[in-house]
Structures are given as structure tokens and as C-alpha cells.
Amino acid sequence: MANEEDDPVVQEIDVYLAKSLAEKLYLFQYPVRPASMTYDDIPHLSAKIKPKQQKVELEMAIDTLNPNYCHSKGEQIALNVDGACADESSTYSSKLMDKQTFCSSQSTSNTARYAAALYRQGELHLTPLHGILQLRPSFSYLDKADAKHREREAANEAGDSSQDEAEEDVKQITVRFSRPESEQARQRRVQSYEFLQKKHAEEPWVHLHYYGLRDSRSEHERQYLLCQGSSGVENTELVKSPSEYLMMLMPPSPEEEKDKPVAPSNVLSMAQLRTLPLADQIKILMKNVKVMPFANLMSLLGPSIDSVAVLRGIQKVAMLVQGNWVVKSDILYPKDSSSPHSGVPAEVLCRGRDFVMWKFTQSRWVVRKEVAAVTKLCTEDVKDFLEHMAVVRINKGWEFILPYDGEFIRKHPDVVQRQHMLWTGIQAKLEKVYNLVKESLPKKPDGQSGPAALLSGDQRVQVAKSKAQQNHALLERELQRRKEQMQASSVLPGVRIKEEPMSEEGEEEEDRDAEEDEEPMDTSLGGSLHNRLANGLPSGRATGGDSFNGHPPPGCASTPVARELRAFVEATFQRQFVLTLSELKRLFNLHLASLPPGHTLFSGISDRMLQDTVLAAGCKQILVPFPPQTAASPDEQKVFALWESGDMSDQLS
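Rules of the game
- Residues numbered from 1 in each chain as written.
- Predicted model: local features only at pLDDT ≥ 70, side-chain atom pairs only at ≥ 80, totals over all residues.
- Heavy atoms only, no water.
- Helix = DSSP H or I, 4+ residues; strand = E, 2+ residues; numbered from the N terminus.
- Buried < 20%, exposed > 50% of the residue type's maximum accessible area, 1.4 Å probe, protein only.
- Contact = heavy atoms within 4.5 Å.
- Areas by Shrake-Rupley, 256 points an atom, 1.4 Å probe, with all protein chains shown as cover.
- Core = buried A, V, L, I, M, F, W, Y, C linked by side-chain atoms within 4.5 Å.
- Pairing = 2+ DSSP bridges.
- Axes fitted to C-alpha atoms, helices over the stretch in contact; angles between N-to-C directions.
- Phe/Tyr/Trp six-rings, centres within 6.5 Å; stacked < 30°, edge-to-face > 60°.

Engineer: Sorry if this is basic, but what is going on with the overall build of the protein chain here?
Structural biologist: Secondary structure assignment for the protein chain yields 25 helices and 18 strands. By the burial criterion, 30% of the 653 residues in the protein chain qualify as buried. Pairs at least 24 residues apart make up 69% of the contacts formed inside the protein chain by residues separated by at least 6 positions. Accessible area for the protein chain stands at about 43,700 Å²; split by element, carbon and sulfur atoms hold 54% of it.

The following block contains the structure:
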């Protein structure tokens, strides 16, 4: 305690880990110079590097005007290196030693413990070093001078021997053929010093451009030493749990690691699992378990894990089926794998397993022969699909292995809505691949077949209350509108408003809307309540009905939902000028699937609200004469076109 009082904490500094230059930052250690002279003041003539060897060569100018520089010595060195005649290949073109070469060597092979620090505005930013290089003067010019000297001596000897007229004797030459090299001899040759030196010499130099300390480019690159995301996105490695921090301070010795029993390669203990990132933990658990409720997944991950992060991670590796999470097909069958039974490629297996999962989103029972007839896969492959997520019942078929999880559906409606959009896209893809007839498909592709007995009394009351509130809001708006009309007629009794003629289709549509608005409030629960829940959603949201789900009328464009919907409609019709209502709804579902959970558009958009927004965005409905026996659905018969785009062509429309 006495020592702590003598050494109080003066200041706490936030530490950030910057990674922008983590794989590119080198520390150069120059030779010692006087304090009054810095290497940045010396012109750098050229620089080059060999990245694989982490070898650098710098050419720096020598101040020949310095009084300490010996001109006679510089001229002598240049003469020894280049000779009397100077050309383009000369090392010293000025016939004076005016530059010096520095060559690097690695000071340490392990740079994981070193980092460059930058302190700014009370924050300490650390960037890991990729290499530490010590620069030393290179005397390769002396080797070049020796080579020149030997060449001159050889030339002199050749000149003397040419004066002799004596004819040389003919010499016998022996030709030898090398033996085939054995594997051991080849390994010795590859590990030899001569071979390594030759291999290092073959690596090409990469020429660099040097920027000084005060250059604008250097100042720009120096900004990368600061952590770009101070919100903590890049600093997750600095946030450690107490056990992880203790492990970093006192790592286990190699002897202790050797004493641990070796587990099979396909077995991972919970202690080892919790050392992995959260995304890898979720992926490994789902890959091994195949089907799991969300509550069980949270209990396995531990109480300290954030449920929002788990929800974000589980949607990347699993799909929601009857309120439970089933691992995605591409996790079990990677891209380059194939069936062990039939050799079918992974793409076909994933498509067949997705069909089985999709069938379980509509019913708790699936018949194996029906799946095999549609997917055209062998019995063993189909049985593997079903064993992942179902149990066989004699004389009934295969039943989904887990009960319907209504609690998760009730707590996370935004996740359920997003999964519903994904299943809609998967259904459309399966219809094209397997040529499924739409008339034979259920009207609600993601509806759960859970019986009414699965709904508790509280759930029935909540559904009734929500429906009563929706009807009550519609009746209140209608009553207010009629009161305003009565007040207007009483104030201006002699004024009549001229009404523009409407098409027969518009009159019929308005009459239908008036009948729906005048419909009395109904809070009763029909016998088909269990069929009106799709993954826990009311039927108005699951099927895209005409209820507004608590939103104001479509005319109120000031609401965030109306603005978001209009922005989507305008952007869509700018890309595709003519769309059917069916195609527009499909694009809208894909748009919803790309939005983050909790977005305002997840609260529910009716068909009527979507059509009114299309008309308000400068589009018009085109009456296309379909034949009486057409197979097109009502949504496919409604065609909308962009009528006003804000350009010169609007005058011709």
C-alpha cells in the first residue's frame, strides 16, 4: 500500500490499434550521425527493395562541398572504380565519389512484440511493425575496383603473350556426362549456401520513390498511423477478458501443452470453443447440432454473450424453420464437395435440402417419397436430409424434430419478417428449378402448420386486441372524415363541388374500399386462427393483405414509412419503366431482405398502400387486355408504367 501511495496514477491514456499500415510498416535504423545532422536533410538519390527477403538498398548523396570532404581521396576512389574513361555504366559519373550506398540486414526475425507509436491529442495510436532493418554502408564499389584491376592485369598478360609467335600445342578435351541426381543429393543442393545465395540474387529489385519528412505525400501517409475508427471497430484485439489477459501475461509452457491428451480431430471441447470468435462458435455449434432453438444456443455460448450479436451471427449460418434455427445447406455441403452415396455435386444437394427445409416451413410432416420424386435424388441422400431435422413416425411420415417455438417468434418479429423474405426468394427459385405448379402450393409459403392447441390463451387475447385496435383506428378515421364533410356542407350550403368522372374500375375499387371501411369491428377468433400465423406474424403481414398494420393512410406521405416506400418505388421505376404488381412485390421483398433488422419498412406494407404509392410517384396503370382463359394471377394482370420522369419526354405522354 505504501508503494502505491508513493507512485500514484498521473494520467490515463486511451490506446488504439491502427492496422492500415500493419503489413507495410518498416523501421529503418541508420548509422549514428551528429545530432545537428539528420538523414532527412541528406538527398536520397534512389531506393529499391526485395520484398521477400526484406532487403533494402538506399543511395544517399555525399556533401562534397563540406570542408571535411577530401577531394583527392574521392577522385582516387572514382578512378579505381570506373577507370579513366567514364560512360553510362559508370558508378560515379562526376569522376568524384559523390554518393554512398546503404544495404539493410534484419535485426530481428520476430517483430510481433514491436510497434510504432504516435501520441496525439491525449491518445496513443500503435501500428505493428512488419520488419526492422538496420542500414549499414555498402562497400561493393571496392569489389568493383578490384574487378577492374584484375581485368587490366589480364589484358596486359594477353598482350604480352600475343607477341610470342610460338604456336600452342593442341590440348586433348575430355567430355563427361553427369549422372541422374538422387533425391538426397537434390535436397543437399537446395539447402546449400551457394543455392540460397543464387536464389536470393534472382529475386528482382523493386524500385521505390523516396519522399522527405516534410513532403505532402509523407504527411498524407503519416495519417494512416492513426486509428481510422476511434469508435472501437478496429480495436477489438485490445479488448480482452480477464482470463485471456492473464493467459497473454503468463502463457502455458511447452511442456504443459505436450502433456495434454490429444483429442480426435472432429471433437472440440467447450473450453476450446470459447477461445474462438463468436461467429466461429455459432458456425461450429450449428454444423454439429443441425437444429437448435435460440434459447439453447444462448445457454451454450454463455451468459456474457450479447443476444443481439448472436442473432446477427446465426442468420449467416442458419435459417428459421417453425421458430427454430436449422443450419444452412451450404455449410454442410461446401462448394467442391459431393454426395458420398451418389456422387451428386454440392450444388444439387443444397437445392434438394433447401426444398426439404422449405416443406417444413409449411407443415410439420413431410413424406420422403414426395421429396425424392421432386428432387430426383437417391433415397440415401433424401434420408440424410430428413435425419438432419426430423424423426420418422410409422405410417405418418417424417415429423419436424423440435416443437414450434412461439416464444422466439413473439420476441423477435423483425428477425421473423426478414427470414420470411428470404424464404420467399428461396421458394421462387425452387419453383423455377423443380417446375412446381403454383396452384398446388399453399397460399402462405412460410406458414406454420402448428395446430391451434399450440396457441396459449394469452396469445389469443393479444391477437384479438391487435385486430380490435386496427379496426378501431379505421372506424375513428372514417368518423372524423364524415364529421368534416358535414361541417363543410353546413358552412357553405350553396356551394357544390364538381367531381371529375372516374373510370368504372376506379368506381368499383372505391366502392370496395368504402365497404371495407364500413365493416363493423370484429374481435372474434375464427377456427382458422392457426392458419393465420406465418412464423408468428399476423395474416395481414404474412400475406401482404390490405390492412395498414397501424400505419396512417397512404395519402400521409410525411411518415417515415411512406417516405421510405416512395423512395423505393421511384428508384425501382427509374431502372425498369414497366412492372407488374407481382414483379414489384417480388422486388420489394428482396429489398426488405437486404435491410437491417428493425427497419421501419418491416412494420408491414399492404398491397393497397404499395399501389397508391406507385400512382403518387408519377406512374399510371395500363389496362392490358388479357384473354379470358389466362393463367396469369390478378397481381400479374395489374401493369404499371412510369408516366412522368421529369425530362423532356413528359410532354409527349
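Now that the structure has been shown, the text picks up again.
Engineer: Help me understand the environment of Arg 312, please; the structure alone is not making it clear to me.
Structural biologist: For Arg 312, the location among the structural elements is in helix α12 (residues 307-317). Using a relative accessible area of 52% as the deciding quantity, one classes Arg 312 as exposed. Measuring from C-alpha to C-alpha, the distance between Arg 312 and Ala 279 comes to 9.1 Å, with 33 residues separating the pair along the chain.

Engineer: What exactly am I supposed to notice about the nonpolar core here?
Structural biologist: Where a protein is soluble and globular, its nonpolar side chains tend to be buried together. One finds Met 286, Ile 314, Trp 325 and Phe 360 to be the most contacted residues of the largest nonpolar core, which totals 53 residues. If you tally residues by element for this core, the top one is helix α14 (residues 346-360), at eight residues. Aside from chain neighbours lying at most four places away, what touches Met 286 is Met 292, Ile 314, Val 317, Ala 318, Trp 325, Val 326 and Val 327. Judged by nonpolar contacts, the second largest core, of 24 residues, contains Leu 565, Phe 573, Leu 579 and Leu 601.

Engineer: I'm lost on the sheet that holds strand β16 (residues 578-580) in this one. Help?
Structural biologist: Note on sheets: strands pair through backbone hydrogen bonds, and any given pair is parallel or antiparallel. Spatial strand order, β16-β18-β17: three strands in an open sheet with antiparallel pairing. Two strands close off the open sheet at either side, each with one partner strand: β16 and β17 (619-622). Sheet twist, expressed as the mean angle between neighbouring strand axes with direction ignored, is 30°. For β17 and strand β18 (residues 639-642), the ladder comprises four bridges, and the chain directions are antiparallel. Residue pairing across strands places Cys 619 opposite Leu 642, the latter belonging to β18. Helix α23 (residues 581-594) contacts β16 and β18 of the sheet and is inclined by roughly 90° relative to β16. The strands that helix α24 (residues 607-616) touches are β17 and β18; relative to β17, the one it contacts most, it runs at about 115°.

Engineer: Explain the side chain of Gln 315 to me, please; I cannot follow it from the model alone.
Structural biologist: Its place among the elements puts Gln 315 in helix α12. When near neighbours in sequence (up to four residues on either side) are disregarded, Gln 315 contacts Trp 325, Lys 328, Val 415, Arg 418, Gln 419 and Pro 597.

Engineer: Can you help me understand the packing of aromatic side chains in this one?
Structural biologist: The geometry of an aromatic ring pair is captured by two quantities: the separation of the ring centres and the angle between the planes. Overall, the coordinates contain seven aromatic pairs when judged by the stated rule. Measuring from ring centre to ring centre gives 5.9 Å for Phe 355 and Trp 358, while their planes differ by 40°; the resulting arrangement is tilted. Placement of the pair is Phe 355 and Trp 358 together in helix α14, with a separation of three residues, close to one helical turn. The burial state of Phe 355 is the same as that of Trp 358; both residues are buried. Ring centres of Phe 355 and Tyr 434 lie 5.6 Å apart, and the angle between their planes is 70°; on these two criteria the pair is classed as edge-to-face. Remark: Tyr 434 occurs in helix α18 (residues 413-434) and Phe 355 occurs in helix α14; sequence separation between them is 79 residues.

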